[in-house]
Amino acid sequence: MSHSLPSVRIPLRLPSAVATFGIGIAGYLGVNLSPYMIAAAQSALGVDVLTANWLITGALLLTALTGLATAKLSAGPHRLLVARVGLVVAAAGFGAAALVPTPGVVVAGLLVGGIGAGGAVSSSGAALAAFVNPDRVSGFSGLANRAVVTVILALVPLLPLVPISVFGTLALFSLAVLFTSAWLPSAPVVDHAAAPAADAAPSGLVARRPHRAETIAGFALLVTFALWAVSEDSLWAMAGVMGADQAGLTPEGLGIALSGATAGGIVGAILLMIVGDRLGRAVPLAVLLVAGGALKIVEGFVTDPTVFIVVFITWNTLYAIAFFYFVATAAALDADGRWSGPLLAVYLVGSSLTPVIGAALVEALGYQGFVVVLGVASFVLAVPAFLVARISSRLQRTEEPAPVVAEEVAA
């Protein structure tokens, strides 16, 4: 008798893709617009950049914490409710901050908006696990995110960076994707206490015993991903200062580097869409972390601005592909999204603190010591990433219906 489980994952279709990717973009849009949000907060509150930075950091941390708090709900039958409530709260909070430019309302609105965005992050992350071929779906998700965010980042500065243009964009986008939420894939009904049953397939019920390996791998993945986020975003946060000090990088050069990094992310997403799971998941992820770690070290020793830009763009391209593989690994561990739901929130926890962490490391170790620490961290984290990715591939294979089960269902 086969012990394979009936597959509950669904093919990626346009409506479900629009809802899943759109809600995810809404949850992360504050992260991408954070420089503009800081400028808008300064304009509304009349505060210095440090105060505005802490306010936006607080809002992003609330997004992360709310995403973690709602991750379990998003992996169950309340996923759609989490998404809709989160989007409504985000729209209300950011909308209030945009339309009522008084200090108390702006501060409260941003914090409330950050809380609402957390529901969007966890529900969309969990929904990514609903699809067949998590690797290819992760690539599609990354491409949609990069493409939409690139357009928004280009359009918002055409207006003054004031609350109505910046916070209003966040509110309007949340409202827009709210109307697509009905297409969000629902979580499969899972009975973790029962034994596998072939007759569960037609109704969408998955009956299986909990995998101890899955639980261990899931928690290991969350910890690994959070630490990796800190190592990657610390360099991102300090790149401008480091490039100017050691390589004579100009503001125009930094702009080219950042634009090239975005383009590299798009290229990486397209490559993963094409490749899918044909190369496996464990070896590519480990190779990407090791290569990325090496490039981080190289970046700290470069003194030519052109070489600095090239290394920066190459590193960010590998970073983007590794990020997508992490998401695919989490989605493959469990079809209900138990691990992909909190994964993106965990990343926010790590990345929101990286400006402070990066500055502290540079002050203590200097630029070269800083990049060596970050590079070694990537080398070390490649080991658990490899092991978890292998486990995710093995567990995903157990979902495939055995031929006998398929014949029984067809009969």
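Going by the structure above, here's the rest.
Quick caveat, the model's predicted, so the values are computed rather than measured. (Residues numbered from 1 in each chain as written. Predicted model: local features only at pLDDT ≥ 70, side-chain atom pairs only at ≥ 80, totals over all residues. Heavy atoms only, no water.)

Caption draft 1: Highlighting the side chain of S340. Note that S340 resides in helix α12 (residues 340-352). A polar side-chain atom of S340 sits 2.7 Å from the main-chain carbonyl oxygen of G125. Contacts of S340, omitting those with residues within four sequence positions, involve G125, A126, A129, A330 and A331. (Helix = DSSP H or I, 4+ residues; strand = E, 2+ residues; numbered from the N terminus. Polar contact = N/O pair within 3.5 Å; in protein donor to acceptor, adjacent residues only side chain to side chain. Contact = heavy atoms within 4.5 Å.)

Caption draft 2: The packing of aromatic side chains, seen in detail. Tallied over the entire structure, the rule returns 12 aromatic pairs. With 4.9 Å between their ring centres and 55° between their planes, F225 and F326 make a pair best called tilted. Of this pair, F225 sits in helix α8 (residues 212-247) while F326 sits in helix α11 (residues 305-333), and the two are 101 residues apart along the sequence. Take F225 and F326: they sit in the same class, and that class is buried. Each ring, one from F312 and one from W315, has its centre 5.5 Å from the other, and the planes form 65°; the classification is edge-to-face. Note that F312 and W315 are positioned in helix α11 at a spacing of three residues, about one turn of the helix. As far as the burial class goes, F312 and W315 line up, both buried. In textbook terms, an aromatic cluster arises when at least three aromatic residues are bridged by ring pairs, as seen for F225, W228, Y319, F323, F324, F326 and Y347. (Phe/Tyr/Trp six-rings, centres within 6.5 Å; stacked < 30°, edge-to-face > 60°. Buried < 20%, exposed > 50% of the residue type's maximum accessible area, 1.4 Å probe, protein only.)

Caption draft 3: Fine view of the pattern of salt bridges. Tallying each qualifying case throughout the model produces four salt bridges. The partner of D135 in a salt bridge is R281, with the nearest N and O atoms 2.7 Å apart. Of this pair, D135 sits in helix α6 (residues 134-155) while R281 sits in the loop between α9 (251-275) and α10 (282-299), placing them 146 residues apart in sequence. An identical accessibility class is assigned to D135 and R281; each is buried. Across the salt bridge formed by R338 and E214, the nearest N and O atoms sit 2.8 Å from each other. With R338 in the loop between α11 and α12 and E214 in helix α8, the pair connects residues that are 124 residues apart, well separated along the chain. Given a relative accessible area of 1%, E214 falls into the buried group. (Salt bridge = Lys/Arg side-chain N within 4 Å of Asp/Glu carboxyl O.)

Caption draft 4: The arrangement of the packing of helix α1 (residues 14-32) against helix α7 (residues 163-178) in detail. Following both chains from N to C, one finds α1 and α7 inclined at 165°, their axes separated by 9 Å at the closest point. As judged from the angle between their axes, α1 and α7 are roughly antiparallel. Between α1 and α7 the crossing geometry is left-handed. Touching G22, I23, I25, A26, L29 and G30 of α1 are L170, F173, S174 and V177, all from α7. Considering only residue class, the contact of α1 with α7 consists of seven nonpolar, three polar and no charged. (Axes fitted to C-alpha atoms, helices over the stretch in contact; angles between N-to-C directions. Parallel < 35°, antiparallel > 145°, perpendicular 65-115°, else oblique. Left-handed = near helix turned anticlockwise from the far one by under 90°. Nonpolar A, V, L, I, M, F, W, Y, C, P; charged D, E, K, R; others polar.)

Caption draft 5: Molecular detail of the environment of A360. Of note, A360 is situated in helix α13 (residues 354-397). A C-alpha to C-alpha distance of 9.4 Å links A360 and F370, two positions 10 residues apart in sequence.

Caption draft 6: A nonpolar patch on the surface, seen in detail. There is a patch of nonpolar side chains on the surface, built from V290, F301, V372, V376, F379 and V380 and spanning about 470 Å² of accessible area. It is α13 that provides the largest number of residues to the nonpolar patch, a total of four residues. With respect to the helices and strands, F379 occurs in helix α13. Overall, the relative accessible area of 31% leaves F379 in the partly exposed class. (Patch = residues over 30% accessible without salt bridge, like charges linked within 9 Å, V, L, I, M, F, W, Y side chains within 5 Å. Areas by Shrake-Rupley, 256 points an atom, 1.4 Å probe, with all protein chains shown as cover.)

Caption draft 7: Broad picture of the nonpolar core. Core analysis: the largest hydrophobic core is formed by 44 residues, its most contacted members being W228, L285, L289, F323, F326 and Y347. Among the secondary structure elements, those contributing two or more residues to this core are α1, α8, α9, α10, α11, α12 and α13. Among the elements that make up this core, the one with the highest residue count is α11 (11 residues). When residues are assigned to domains, this core turns out to be shared by domain 1 (14-183) and domain 2 (212-399), each giving three or more. If near-sequence neighbours (up to four positions away) are discounted, L285 is found in contact with A322, Y325, F326, T329, A385 and A389. Formed by 37 residues, the second largest nonpolar core is a distinct cluster that contains A19, A40, A83 and V149. (Core = buried A, V, L, I, M, F, W, Y, C linked by side-chain atoms within 4.5 Å. Domains from an automatic or database assignment.)

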